[in-house]
Amino acid sequence: MSVLVLVLAVGAAFCLGIGFVLQQNAAAHAPLGDFLSPRLLLDLVRVPRWLGGIGLMVCGMVLGAIALGQGEITLVEPLLATNLLFALMLSRRQTRQPLGRQGWAGLVLLAGGVTAFIVAGQPRGGSAVTDPLRHWLIIGVMVGVALLLAALAKRSRLSAGPALLAVAAGLLYGVQDALTRVCGQRFSAGGLGSVFTGWQPYAVIALGVTGLVLVQSAFETAPLRMSLPALTAAQPLAGIVCGVGFLGDRLRADTGALAWEAAGLAGIVAGVVLLGLHPAMPGAGSALRERVGAPR
């Protein structure tokens, strides 16, 4: 594993984790009438804390894009999942909650899962799949499932809604990461002109804006612990599927390696859930409960 890729991916995770906490702090006070509407972004853009969180998220996405240009998506995505560690770090500072057994268990599972997956899978690049049908099939399934989850979330609102929205956003961000890598490959092959003659950069922008609306709606309606674990778990899984499915990434496929890779992914998901449900993660606050009970 390249040290540069490691530093870039962990730096991206740091920016993303801190940025998500700042965004949720601000989104928790946004009007519920803006749920799943682009108006939500127009309201939040006036809040300095939210702008700071977005700035950090953009920095994280840029660092992540550079990491994806230098390494395989199956390597970078598990490292990006460690953003939850940095989110918990800031949340602990805000709430002054001790880490406790749950926090330490989540930390060990997440770190151990990332290590097990990378060591066992030994991600490496290969020849990208040129069959467009395979590209569109994988991307279509991911986007279709995300839209279905968003539709279900609109009905369930304050029950399972935030988690469904976060999973939907995670799927879109995973596809976005894969297409970002494709843009990087096109740039390396033919320069900036080659990038914008393809559809990928425009899809990256569309997926990013749509995912942002979904994430902010999830942050608006529930505590961070209800949404960030789902987002953090879904994104690397979607990215790995795209990496192996059409970007040409290869993982070891013998029985022992597959078992450790599956155990690593399970550890990542379990660690993300434990850390995301930690009491240190901020709630939506009394303002949200008042808005829920208020007539609309």
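Residues numbered from 1 in each chain as written. Predicted model: local features only at pLDDT ≥ 70, side-chain atom pairs only at ≥ 80, totals over all residues. Heavy atoms only, no water.

Q: Could you give an account of the nonpolar core, naming the residues involved and the relevant values?
A: Core analysis: the biggest nonpolar cluster contains 84 residues, and Leu228, Leu231 and Phe246 have the highest contact counts within it. Take this core: its biggest share by element is 13 residues, from helix α8 (residues 161–196). Residues in contact with leucine 228, not counting those within four places in the same chain, are Phe20, Asn83, Leu84, Ala87 and Met281. (Core = buried A, V, L, I, M, F, W, Y, C linked by side-chain atoms within 4.5 Å. Buried < 20%, exposed > 50% of the residue type's maximum accessible area, 1.4 Å probe, protein only. Helix = DSSP H or I, 4+ residues; strand = E, 2+ residues; numbered from the N terminus. Contact = heavy atoms within 4.5 Å.)

Q: Tell me about helix α7 (residues 132–156), residues and numbers included.
A: With 25 residues, α7 extends 36 Å from end C-alpha to end C-alpha; this agrees with the ideal 36 Å at 1.5 Å per step. Among the residues of α7, those classed as buried are His135, Ile138, Ile139, Met142, Ala146, Leu149, Ala150 and Ala153. Check the buried side of α7 and you find it contacts α8, α9 (200–221) and α10 (228–245). Put simply, aspartate 131 is the residue that caps the front of α7, since its side-chain oxygen is 3.1 Å from the backbone nitrogen of leucine 133. (Expected span 1.5 Å × (residues − 1). Polar contact = N/O pair within 3.5 Å; in protein donor to acceptor, adjacent residues only side chain to side chain.)

Q: For unusual backbone geometry, give the residues involved together with the corresponding values.
A: Phi at glutamine 122 takes a positive value of approximately 45°, unusual for a residue other than glycine. Mapping glutamine 122 onto the fold places it in the loop between α6 (100–121) and α7.

Q: Before we move on, can you summarise the packing of α8 against α10 with the specific residues and values?
A: Running from N to C, α8 and α10 cross one another at 35°; their axes reach a closest spacing of 7 Å. Read as a crossing pair, α8 and α10 show a hand that is right-handed. Residues Ala163, Ala166, Val167, Ala169, Gly170, Leu171, Tyr173, Gly174, Val175, Asp177 and Ala178 of α8 lie in contact with α10, whose contacting residues are Ala230, Leu231, Ala234, Gln235, Ala238, Gly239 and Cys242. A per-class count over the contact of α8 with α10 returns 13 nonpolar, four polar and one charged. (Axes fitted to C-alpha atoms, helices over the stretch in contact; angles between N-to-C directions. Left-handed = near helix turned anticlockwise from the far one by under 90°. Nonpolar A, V, L, I, M, F, W, Y, C, P; charged D, E, K, R; others polar.)

Q: How would you sum up the packing of aromatic side chains? Please name residues and give values.
A: Applying the stated criterion to the full structure yields four aromatic pairs. Seen in terms of ring centroids, phenylalanine 14 and phenylalanine 86 are 5.4 Å apart; in terms of plane orientation they differ by 80°. Their pairing is edge-to-face. Taken together, the residues phenylalanine 14 in helix α1 (residues 3–27) and phenylalanine 86 in helix α5 (residues 83–95) connect sequence positions 72 residues apart. Its relative accessible area of 35% is what places phenylalanine 14 among the partly exposed residues. Classification of phenylalanine 86 as buried rests on a relative accessible area of 19%. A centroid spacing of 6.1 Å and a plane angle of 75° characterise the contact between phenylalanine 20 and phenylalanine 219, whose relative ring orientation is edge-to-face. Of the two residues, phenylalanine 20 sits in helix α1 while phenylalanine 219 sits in helix α9, which places them 199 residues apart along the sequence. Residues phenylalanine 20 and phenylalanine 219 agree in their burial class; the two are buried. (Phe/Tyr/Trp six-rings, centres within 6.5 Å; stacked < 30°, edge-to-face > 60°.)

Q: Account for α10, naming residues and giving values.
A: Between its terminal C-alpha atoms α10 stretches 26 Å, which fits the 26 Å expected from 18 residues at 1.5 Å a residue. Within α10, 15 of the 18 residues are buried, which leaves the element mostly enclosed by the surrounding structure.

Q: Outline the layout of surface pockets, supporting the account with residue identities and numerical values.
A: Picture a little ball the size of a water molecule; that probe, rolled over the atoms, points out where space is still empty. As a volume, the largest pocket reaches approximately 530 Å³. If you go around the largest pocket, you meet 29 residues; those closest to its centre are Met57, Met61, Tyr173, Gln176 and Asp177. Those elements giving two or more residues to the lining of the largest pocket turn out to be α1, α3 (48–70), α4 (73–80), α8, α9 and α10. If you tally residues by element for the lining of the largest pocket, the top one is α3, at nine residues. Across the lining of the largest pocket, the residue classes break down as 19 nonpolar, eight polar and two charged. (1 Å grid on protein atoms, 1.4 Å probe; cavity = no way out; pocket = protein on both sides within 12 Å on 5 of 7 lines; lining within 4 Å. Points joined across faces, edges and corners; volume = space filled by probe spheres on them.)

Q: Would you mind going over a nonpolar patch on the surface in detail, with residue names and values included?
A: A cluster of nonpolar side chains, namely Phe187, Leu192, Phe196 and Tyr202, defines an oily patch on the protein surface of about 450 Å² accessible area. Looking at the secondary structure, you find leucine 192 in helix α8. A residue is classified by how much of its surface remains accessible, and leucine 192, at 55% relative accessible area, is exposed. (Patch = residues over 30% accessible without salt bridge, like charges linked within 9 Å, V, L, I, M, F, W, Y side chains within 5 Å. Areas by Shrake-Rupley, 256 points an atom, 1.4 Å probe, with all protein chains shown as cover. Salt bridge = Lys/Arg side-chain N within 4 Å of Asp/Glu carboxyl O.)

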